[in-house]
Amino acid sequence: MFEFSLFGFPVRIRPWFWLSCFILGGGLSMRGAAADWIPVLEWILVVLVSILIHELGHALLGRRFGGHAVIELHAFGGTTFLQGQLYTRPQNIVVSLAGPAFSIGLAVISFLAWNYSPPISPVLDEIFKTSLYVNTWWTVFNLLPVMPMDGGQVMRDLLGPSRFRIACWIGAATAIAAGCFMAVSGNYFAAVMLGFFAWFNYKGTVHSGGVSR
């Protein structure tokens, strides 16, 4: 496991993160030529930076409200573990939305750089284009009302503790529907992830509890 500190936050990157990035970036279809590595490495770089910035949004707002954050990158993306502070529901919502807000900010920067910066190299052009795609569509996906994704976190806090099981049922149903759509569309990685989240939410209907961002 690779560990370092970013803006005072401990960051852990698990080996499964690199493997999932490699697979999603088309690494399994490479034929061994050196040129095949360029788009795969571009993808890994964009995903690494994008997820770190997203999780930094959670961590910075969590610290603003008095908590301590640890960032972890894993096979399904990233998680920010907040410790040492009990947040109010409005603060929880703000912290949950901070990650998507940072991602959308990066998407805007990528759009401007891709369309309006002077031509420097095809590699940078492709990096900006990929960053725009990742930070736009992954943010939309992340805002689905499915825990532990950010949209599910917001829904949970809007409904309140007394309606936690309702939030879990909504999350499970949404995950199943979205997972079926992803499977039909050929996005099997997202389908598997949503299947796992459907089970996660279903378990929450039986055992109440909290989740990390």
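Quick summary incoming for the structure in this document. (Residues numbered from 1 in each chain as written. Predicted model: local features only at pLDDT ≥ 70, side-chain atom pairs only at ≥ 80, totals over all residues. Heavy atoms only, no water.)

Two elements in contact, helix 3 (residues 89–116) and helix 5 (residues 150–159), have axes whose closest approach is 9 Å; the angle formed by their N-to-C orientations is 165 degrees. Regarding the angle of helix 3 to helix 5, the classification is roughly antiparallel. Crossing of helix 3 against helix 5: the hand is left-handed. Together, Arg89, Asn92, Ile93, Ser96, Leu97 and Pro100 of helix 3 and Asp150, Gln153, Val154, Asp157, Leu158 and Leu159 of helix 5 make up the contact between the two elements. A class-by-class count of the residues in the contact of helix 3 with helix 5 yields six nonpolar, three polar and three charged. (Axes fitted to C-alpha atoms, helices over the stretch in contact; angles between N-to-C directions. Helix = DSSP H or I, 4+ residues; strand = E, 2+ residues; numbered from the N terminus. Parallel < 35°, antiparallel > 145°, perpendicular 65-115°, else oblique. Left-handed = near helix turned anticlockwise from the far one by under 90°. Contact = heavy atoms within 4.5 Å. Nonpolar A, V, L, I, M, F, W, Y, C, P; charged D, E, K, R; others polar.)

The subject of this paragraph is the side chain of glutamine 153. Among the structural elements, glutamine 153 can be located in helix 5. Classification of glutamine 153 by relative accessible area gives buried; the value is 0%. A polar atom in the side chain of glutamine 153 sits 3.1 Å from the side chain of arginine 156. (Buried < 20%, exposed > 50% of the residue type's maximum accessible area, 1.4 Å probe, protein only. Polar contact = N/O pair within 3.5 Å; in protein donor to acceptor, adjacent residues only side chain to side chain.)

This paragraph deals with the pairing of strand 4 (residues 77–83). Bridge count between strand 3 (residues 68–74) and strand 4: seven bridges; the pairing is antiparallel. Residue valine 70 lies in a different strand from strand 4, and its bridge partner there is phenylalanine 81. Hairpin connection, strand 3 to strand 4: the antiparallel pair is bridged by two residues. (Pairing = 2+ DSSP bridges.)

With that settled, consider the pattern of salt bridges. On inspection of all chains with the given rule, the structure shows three salt bridges. Glutamate 72 serves as the salt-bridge partner of arginine 14, at 2.9 Å between the closest nitrogen and oxygen. Remark: glutamate 72 occurs in strand 3 and arginine 14 occurs in the loop between strand 2 (9–13) and helix 1 (15–24); sequence separation between them is 58 residues. Through salt bridges with shared partners, a single ionic network connects Arg12, Arg14 and Glu72. (Salt bridge = Lys/Arg side-chain N within 4 Å of Asp/Glu carboxyl O.)

In this structure, the largest pocket encloses a volume near 1,000 Å³. Lining of the largest pocket is provided by 41 residues; of these, Phe76, Gly77, Trp138, Phe141 and Met193 occupy positions nearest its centre. Breaking the lining of the largest pocket down by element, the ones donating at least two residues are helix 1, helix 2 (34–64), strand 4, helix 4 (122–142) and helix 7 (188–204). Considering each element in turn, the lining of the largest pocket owes the most residues, nine residues, to helix 4. Across the lining of the largest pocket, the residue classes tally to 24 nonpolar, 14 polar and three charged. (1 Å grid on protein atoms, 1.4 Å probe; cavity = no way out; pocket = protein on both sides within 12 Å on 5 of 7 lines; lining within 4 Å. Points joined across faces, edges and corners; volume = space filled by probe spheres on them.)

Our next topic: the packing of helix 6 (residues 164–185) against helix 7. Here helix 6 crosses helix 7 at 160 degrees, and the two axes come no closer than 8 Å. Judged by the angle between their axes, helix 6 and helix 7 are roughly antiparallel. The interaxial crossing formed by helix 6 with helix 7 has left-handed handedness. The residue inventory of the contact of helix 6 with helix 7, partitioned by class, reads 17 nonpolar, four polar and one charged.

Assignment of secondary structure puts phenylalanine 17 in helix 1. For phenylalanine 17, a relative accessible area of 1% translates into the label buried.

To continue, consider the sheet that holds strand 2. Strand pairing within a sheet occurs via backbone hydrogen bonds; the two strands may be parallel or antiparallel. Spatial strand order, 1-2-3-4: four strands in an open sheet with mixed pairing. Of all strands in the sheet, those bounded by a partner on one side alone are strand 1 (2–6) and strand 4. Averaged over all neighbouring strand pairs, the angle between strand axes comes to 20 degrees, with direction disregarded. Two strands pair when backbone bridges link them, and strand 1 and strand 2 are joined in this way by five bridges, in the antiparallel orientation. Residue pairing for strand 2: phenylalanine 2 is matched across the bridge by isoleucine 13.

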